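These are the residues of each chain, in order.
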Amino acid sequence: MTRTDGYLLDNRQDEAGQRFQAFATLFDPTTFRHLERLGVGSGWRCWEVGAGGTSVVSWLAKKVGPTGRVLATDIDTSWAASAARPPVQVRVHDVGAEEPPGEGFDLVHARLVLVHVPDRERALRSMVKALRPGGRLLVEDADPALQPLLCPDEHGPEQQLANRLRQGFRTLLADRGADLAYGRRLPRLLREAGLRGVEADAYFPVTSPACGALEAATVRQIRGQLVTAGLATDEEIDRHLANVAAGSMDLATAPMISAWGRKG
């Protein structure tokens, strides 16, 4: 993620690790399927942008082997530090404000990163610039505006409360510069950046224990901001967290749109 004064989901908070684990459970199978399709293999040089946790970095490290390289960057690398051994290098880097940390990469990948970056255009240009000719770019990002509900089946008061708190979360994100409709733009943006063979798909979890874990960690992380902004009361948050823990609601995530292409 890229540092801003108003960044809502600070990786230094305890709940960040729980969020990373939930993201890995929900989205790693989709990400790994795309990376396999792009042909990641022995000797590849890869840049993992906004690495956060270690699941994708560790997967890439196994694929590229001892002759390859995986550079994992983030503004806060504390969660990725445990992966910092060959072929993995971990570096503090702000993709929306700094020049790319190298060039000639065979693969550049970012997941659930650019939606939060204020200067998304610069970040995307940097990622394309870092690729070698023929190198692959895979960008995966959420589109909360495409499916704004936590409970698509809003059939009772528990679901209504859940959706109201999700609206509060979206309000906080938008107030801090997140682009809630970014995911759907990715195919066009990759073509406009000069990439060839652009394709995209979407993954939309509708109910899963990991969706519940992600929701609980997120609400605990932003609790203070929700209350301060008048978007929820402490009592409502406690009630919602109890409802999530009960496991009786079908909780969804925003669709994650994956778009990929190659540099000409």
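Just so it is clear, the structure is predicted and the values come from calculations on it, not from any experiment.

Criteria and cut-off values
- Residues numbered from 1 in each chain as written.
- Predicted model: local features only at pLDDT ≥ 70, side-chain atom pairs only at ≥ 80, totals over all residues.
- Heavy atoms only, no water.
- Phe/Tyr/Trp six-rings, centres within 6.5 Å; stacked < 30°, edge-to-face > 60°.
- Helix = DSSP H or I, 4+ residues; strand = E, 2+ residues; numbered from the N terminus.
- Buried < 20%, exposed > 50% of the residue type's maximum accessible area, 1.4 Å probe, protein only.
- Lys NZ or Arg CZ within 6 Å of the ring centre and 35° of its normal.
- 1 Å grid on protein atoms, 1.4 Å probe; cavity = no way out; pocket = protein on both sides within 12 Å on 5 of 7 lines; lining within 4 Å.
- Points joined across faces, edges and corners; volume = space filled by probe spheres on them.
- Nonpolar A, V, L, I, M, F, W, Y, C, P; charged D, E, K, R; others polar.

Caption draft 1: Fine view of the packing of aromatic side chains. A complete count under the given rule lists 5 aromatic pairs for this structure. Judged by centre distance (6.1 Å) and plane angle (90 degrees), the rings of Phe 27 and Tyr 203 are edge-to-face. Note that Phe 27 is positioned in helix H1 (residues 15–37) and Tyr 203 in strand E6 (residues 195–203), a separation of 176 residues in sequence. When its relative accessible area of 31% is taken as the criterion, Tyr 203 is described as partly exposed. When the ring of Trp 47 is compared with that of Phe 105, the centres are 6.0 Å apart and the planes differ by 35 degrees; the resulting orientation is tilted. With a gap of 58 residues between them, Trp 47 in strand E1 (residues 45–49) and Phe 105 in strand E4 (residues 105–111) connect regions that are remote in the sequence. Accessibility classification places Trp 47 together with Phe 105 in one group, the buried group. By way of ring pairs, the aromatic residues Phe 23, Phe 27 and Tyr 203 are connected into one cluster. Across from the ring centre of Tyr 182, 5.8 Å away, lies the NZ or CZ of Arg 120, which sits over that ring.

Caption draft 2: Quick peek at empty space enclosed by the protein. Per the stated rule, a full pass over the model turns up 4 cavities of 30 Å³ or more. Within this model, the largest cavity holds a volume of roughly 400 Å³. Around the largest cavity, the lining is made up of 26 residues, and of these Phe 23, Ala 142, Pro 144, Phe 169 and Ala 254 lie nearest the centre. Contributing elements (two or more residues each) for the lining of the largest cavity: H1, helix H4 (157–175) and helix H6 (209–228). Along the lines of polarity and charge, the residues of the lining of the largest cavity split into 18 nonpolar, 4 polar and 4 charged.

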